[in-house]
Amino acid sequence: MGAIIPPPIEQYLASLNRLGDDVLADMARQGREQGVPCIDAEVGALLRVLAAAIGARRVLEIGVGIGYSAVWLARAMPPGGLLVSFEIDPARARAASANFKRAGVGDRANVMVGDAQRLVSKVSGPFDLIFNDGDKRQHDALHDRLVALLRPRGLLITDNALWDGEVVPGYVAAPARGAEETRAIAAYNERLSRDPRLQTTIVPLRDGVAISVKND
Ligand code: DHB
Ligand code: MG
């Protein structure tokens, strides 16, 4: 992942990132070994800075994987904060829960197992920040509910907005990622950019991160 920024620049950014720790580094290794897609540490630092900037105390995540991004988010939250992550794969949910304990955030980070489209109706808002890193084909169906769950001036952050550049027609000569996902992400970027309830910018870090703030 990460065909957007040239590798030497990514390495430079990585060399200046002091916000990680040994548990996160070990989790990133675990993700690579198990083939579970994780954000990278620079996106992790971005999540942590944004969550800290808005004083996030209630955070929702779609798609926990092994819990790597959740630990970055939880690191920005005060004791008593609540992070709820949805995960459809029970084995991944178990791995994430174990990692939460190991990372010392088991008091605030929780996993709900199931389909995000069902689980979004079971949680109540408002959330300060929502990180959507779930199935890209569900973005459209989830969107209105996610916006409703967000507090005014809350952040909706969506991973993989550039999809290795494949959302740009003709940019990638031999597209390697799922065509259905590519179409869904491109359509969703368009929807985000036009949603009058939000102000959205896409940061071309790693695989692209869409950052939307909900209007008052
Ligand atoms: C995939 C999903 C992700 O959320 C990600 O960050 C990278 C890859 C995928 O489904 O291929
Ligand atoms: Mg992702």
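Thresholds, definitions, all that
Residues numbered from 1 in each chain as written. Chains lettered and ligands numbered in written order. Predicted model: local features only at pLDDT ≥ 70, side-chain atom pairs only at ≥ 80, totals over all residues. Heavy atoms only, no water. Pairing = 2+ DSSP bridges. Helix = DSSP H or I, 4+ residues; strand = E, 2+ residues; numbered from the N terminus. Axes fitted to C-alpha atoms, helices over the stretch in contact; angles between N-to-C directions. Contact = heavy atoms within 4.5 Å. Buried < 20%, exposed > 50% of the residue type's maximum accessible area, 1.4 Å probe, protein only. Near = heavy atom within 4 Å. Polar contact = N/O pair within 3.5 Å; in protein donor to acceptor, adjacent residues only side chain to side chain. Areas by Shrake-Rupley, 256 points an atom, 1.4 Å probe, with all protein chains shown as cover. Nonpolar A, V, L, I, M, F, W, Y, C, P; charged D, E, K, R; others polar. Salt bridge = Lys/Arg side-chain N within 4 Å of Asp/Glu carboxyl O. Core = buried A, V, L, I, M, F, W, Y, C linked by side-chain atoms within 4.5 Å. Expected span 1.5 Å × (residues − 1). Arc of directions from axis to C-beta.

Here we come to the sheet that holds strand β1 (residues 58-62). Pairing within the open sheet is mixed, and its 7 strands lie in the order β3-β2-β1-β4-β5-β7-β6. Every interior strand has two partners, whereas the edge strands, β3 (109-113) and β6 (198-203), have only one. On average, adjacent strands in this sheet sit at an angle of 15° to one another, irrespective of strand direction. Here helix α3 (residues 41-53) sits on the sheet in contact with β4 (127-132), β5 (150-159) and β7 (209-214), set at roughly 10° to β7. In the packing of helix α5 (residues 90-102) onto the sheet, contacts are made with β2 (82-87) and β3, and the angle to β3 comes to roughly 170°.

Our next topic: the pairing of β5. For β5, a buried count of 7 out of 10 residues is recorded, marking the element as mostly surrounded by other parts of the structure. As paired strands, β4 and β5 are joined by 5 bridges and run parallel to one another. Bridging from a neighbouring strand, L129 pairs with L155 of β5. Both β5 and β7 contribute to a ladder of 5 bridges, which runs antiparallel. When the bridges of β7 are listed, L156 appears paired with S212.

Around ligand 1, a shell composed of 8 residues is seen, among which D133, K136, D159, N160 and R177 lie nearest. Between ligand 1 and D133 there is a distance of 2.7 Å, counted from an oxygen atom to a side-chain nitrogen or oxygen. Within the side chain of K136, one N or O atom sits 2.8 Å away from an oxygen atom of ligand 1. Burial of ligand 1 by the surrounding chains reaches 70%, relative to a free accessible area of 290 Å². Here the shell around ligand 1 is built from residues that sort into 3 nonpolar, 1 polar and 4 charged.

On to the pattern of salt bridges. Under the definition given, this model contains 20 salt bridges. For D128, the salt bridge is made with R151, and the minimal N-O distance between the two is 2.7 Å. With D128 in strand β4 and R151 in strand β5, this residue pair connects regions lying 23 residues apart in the sequence. If you follow the salt bridges from partner to partner, you end up with D140, D144, R191, D195 and R197 in one network.

On to the nonpolar core, then. Among the nonpolar cores identified, the biggest contains 37 residues, and Y68, L73, L83, F100, L129 and I157 are the most heavily contacted of them. No other element matches the 6 residues that helix α4 (residues 68-75) contributes to this core. What L129 contacts, discounting residues up to four positions off in sequence, is A51, I54, A56, R58, V59, L60, L73, L150, L155 and I157.

Let us look at α5. Compared with the 18 Å implied by 1.5 Å per residue over 13 residues, the 18 Å span of α5 between its first and last C-alpha is a close match. All of the buried residues along α5 are A93, A95, A96, N99 and F100. Along the axis of α5, the buried positions cluster into a sector of 160°, meaning they face one direction only. Across from the buried face of α5, at angles greater than 90 degrees, the exposed residues are R94 and K101. At the N-terminal boundary of α5, the capping side chain belongs to D89, with an oxygen 2.9 Å from the backbone nitrogen of A91. Backbone geometry just after α5 places G104 at a positive phi near 75°.

Keep in mind these values describe shape, not function.
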